[in-house]
Every structure is written in C-alpha cells, then in structure tokens.
Amino acid sequence: SVCLHCLTLWERTLIAVKPDGVHRRLVGQIIQRFEQRGFKLVGLKMLKVPEDLLTQHYCQLRSKPFFPRLLEYMSSGPVVAMVWEGHKVVQASRVMVGHTNPAEAQAGTVRGDFSVLIIYRNVVHASDSLEGAQREIQLWFTGKELVNWDCCDQSFTCEL
Ligand code: GDP
Ligand code: MG
C-alpha cells in the first residue's frame, strides 16, 4: 500500500502529550499539527503512566539529578500517547516539537509556541531516533493497540 520509494523511509514514532499539555487543553492542537503535516495516526490512548513504565521509558536519564522531578512531573496528570506513521516521521517530529528547553525552542515548534521557561514542563515527548522510537512504541503500546490502515489521501502524500 506504500510505494517502494517511501517504504524505506516509512517510520513510526511515539509522541506523547505530557501532563502539562493535557491540563492546559493542548491535546487537540498538537494532534492537529501532526495531521496537517500529513502523518497518519495508528495508535492513541490516554493513561496515568505507571511508575515502572516511566522508569523504563526514561532509563537513560536514571542517573540525572533531575530524574525524581521528571518522574513527579510525568505523574502529575494523565498523558495522551500516540503513534504516528509516515515519511521520516521520527526526525520530522523532533523538529516539530522543538528544543528540549522551551526557552531555546523556536517559534513554530510545539515547545516554542506553547511552553515557557521551565525546562522539564515542555508539553510533549517525541522519540529521538528510529531505534528509540521502536523501543518506546513497544513499551507503550501492545501490537493489538496499533491499527494498520490505508489513509485515503495516501496517493497525495506518497510519491508514486
Ligand atoms: P527530549 O528528548 O527533548 O524530551 O529531552 P531528553 O530526552 O533529554 O529529556 C527528557 C525530559 O527530561 C525532557 O523532555 C524534560 O522534560 C526533562 N529534562 C531534560 N533535561 C532536563 C534538565 O536539565 N532539567 C530538568 N529539570 N528536566 C530536564
Ligand atoms: Mg528524549
């Protein structure tokens, strides 16, 4: 269903609206940005993230001094987790989400448009690499929760 040219660059990534984004009612606007860019939603759920999922998700940051505060922040409300699919979606989402520190995030990015100075309250998570995305999607979603479907506009967003 996807042309061969696109297939090699076809990816999935984990995007999550963090508790501050949910509390501030930004979920719709964030979803809209990914939809209008032409990416395809293949998984979506809302959850209060269990601590063991958080520690696995952020295992590379375990030794950082801010780790306890990060877990506290990520537990301060529900999260909306999504899997988006499309052409080089991993890198594209990182650009759309913007710099980790909102103070340095460019206008036009989610963090640059919706967040302020506090580094760890940065509205949204996006996987940082293809390997990271695969690891995180497996952590957050079961196979059954991911939906395979052909989007009716695929002939416009796919090259051949
Ligand atoms: P990301 O991939 O851009 O989300 O950034 P990282 O993977 O490096 O860090 C994960 C999350 O930890 C960030 O999104 C922030 O919420 C938080 N974080 C990262 N660096 C810092 C920091 O220096 N201080 C604090 N308090 N939080 C941080
Ligand atoms: Mg990261």
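In this text the structure is predicted, and so the values were computed from the model without any measurement.

**Remarks on the overall build of the chain**
When its secondary structure is counted, the chain shows 9 helices and 4 strands. When its helices and strands are written in sequence order, the chain yields α-β-α-α-β-α-α-β-α-α-β-α-α. In summary, the chain has a C-alpha radius of gyration of 16 Å against a globular reference of 15 Å for 160 residues, a match within 12%. With the C-alpha coordinates aligned to their principal axes, the bounding extent of the chain is approximately 50 × 35 × 25 Å.

**Notes on the UniProt feature "binding site: ATP" (unreviewed entry) in the chain**
As recorded in UniProt, the sites labelled "binding site: ATP" (unreviewed entry) are K18, F66, R94, T100, R111 and N122. Overall, the presence of 16 C-beta atoms within 10 Å leaves R94 in the partly exposed class. When near neighbours in sequence (up to four residues on either side) are disregarded, R94 contacts A126 and D128. Mapping R111 onto the fold places it in helix α7 (residues 110-114).

**Notes on the site of ligand 1**
Around ligand 1, a shell composed of L61, F66, R69, L70, T100, I119, Y120, N122, H125 and D128 is seen. Partitioned by chemical class, the residues of the shell around ligand 1 number 5 nonpolar, 3 polar and 2 charged.

**A short note on the pairing of strand β1 (residues 10-17)**
With respect to burial, β1 is a largely interior element, 7 of its 8 residues being buried. Summarising the sheet, β1 and strand β3 (residues 79-87) pair through 8 bridges and their orientation is antiparallel. When the bridges of β3 are listed, W10 appears paired with H87. Sheet topology places β1 next to strand β4 (residues 124-126); 3 bridges connect them, and they run antiparallel. Bridge pairing links I15 to A126 in β4.

**With respect to the nonpolar core**
Core analysis: the largest hydrophobic core is formed by 25 residues, its most contacted members being L14, I15, A16 and V124. Within the residue set of this core, elements represented by two or more residues are β1, α3 (27-37), β3, α6 (89-97), β4 and α8 (130-140). Here the element with the most residues in this core is β3; it accounts for 6 residues. If we skip the residues at most four places from it in the chain, A16 touches V79, V80, A81, M82, V124 and H125.

**A short note on the confidence of the model for the chain**
In regions of low pLDDT, the predicted coordinates are not meant to be interpreted in detail. Looking at the chain, the pLDDT average stands at 93 and 93% of residues meet or exceed 70. Reported confidences for the modelled complex are a pTM of 0.95 and an ipTM of 0.97.

**What to know about the sheet that holds strand β2 (residues 40-47)**
Strand pairing within a sheet occurs via backbone hydrogen bonds; the two strands may be parallel or antiparallel. If you trace the 4 strands from one edge of the open sheet to the other, you get β2-β3-β1-β4, paired in antiparallel fashion. The sheet is open, and its two borders are formed by β2 and β4, each paired with just one other strand. On average, each strand axis in the sheet is inclined to that of its neighbour by 20°, with strand direction left out of account. Against the sheet, α3 makes contact with β1, β3 and β4, and its axis sits at roughly 165° relative to β1, the strand it touches most. Where α8 meets the sheet, it contacts β1 and β3, and its direction lies at approximately 60° from that of β1.

**As for unusual backbone geometry**
Even without being glycine, R25 reaches a positive phi, approximately 60°. Take R25: there are 8 C-beta atoms within 10 Å of it, and that puts it in the exposed class.

**Regarding the UniProt feature "domain: Nucleoside diphosphate kinase-like" (unreviewed entry) in the chain**
When the UniProt feature table is mapped onto this chain, "domain: Nucleoside diphosphate kinase-like" (unreviewed entry) is found at residues 10-148. Strand forms 20% of residues 10-148 and helix 40%; the C-alpha atoms that close the span are 13 Å apart.

Criteria and cut-off values
- Residues numbered from 1 in each chain as written.
- Chains lettered and ligands numbered in written order.
- Predicted model: local features only at pLDDT ≥ 70, side-chain atom pairs only at ≥ 80, totals over all residues.
- Helix = DSSP H or I, 4+ residues; strand = E, 2+ residues; numbered from the N terminus.
- Rg over C-alpha atoms; globule rule 2.2 N^0.38 Å.
- UniProt positions renumbered as here; feature names shortened; annotations may be inferred.
- Buried ≥ 20, exposed ≤ 12 C-beta atoms within 10 Å, placed from the backbone.
- Contact = placed C-beta atoms within 7 Å.
- Near = placed C-beta within 6 Å.
- Nonpolar A, V, L, I, M, F, W, Y, C, P; charged D, E, K, R; others polar.
- Pairing = 2+ DSSP bridges.
- Core = buried A, V, L, I, M, F, W, Y, C linked by C-beta atoms within 7 Å.
- pLDDT = per-residue confidence, 0-100.
- Axes fitted to C-alpha atoms, helices over the stretch in contact; angles between N-to-C directions.

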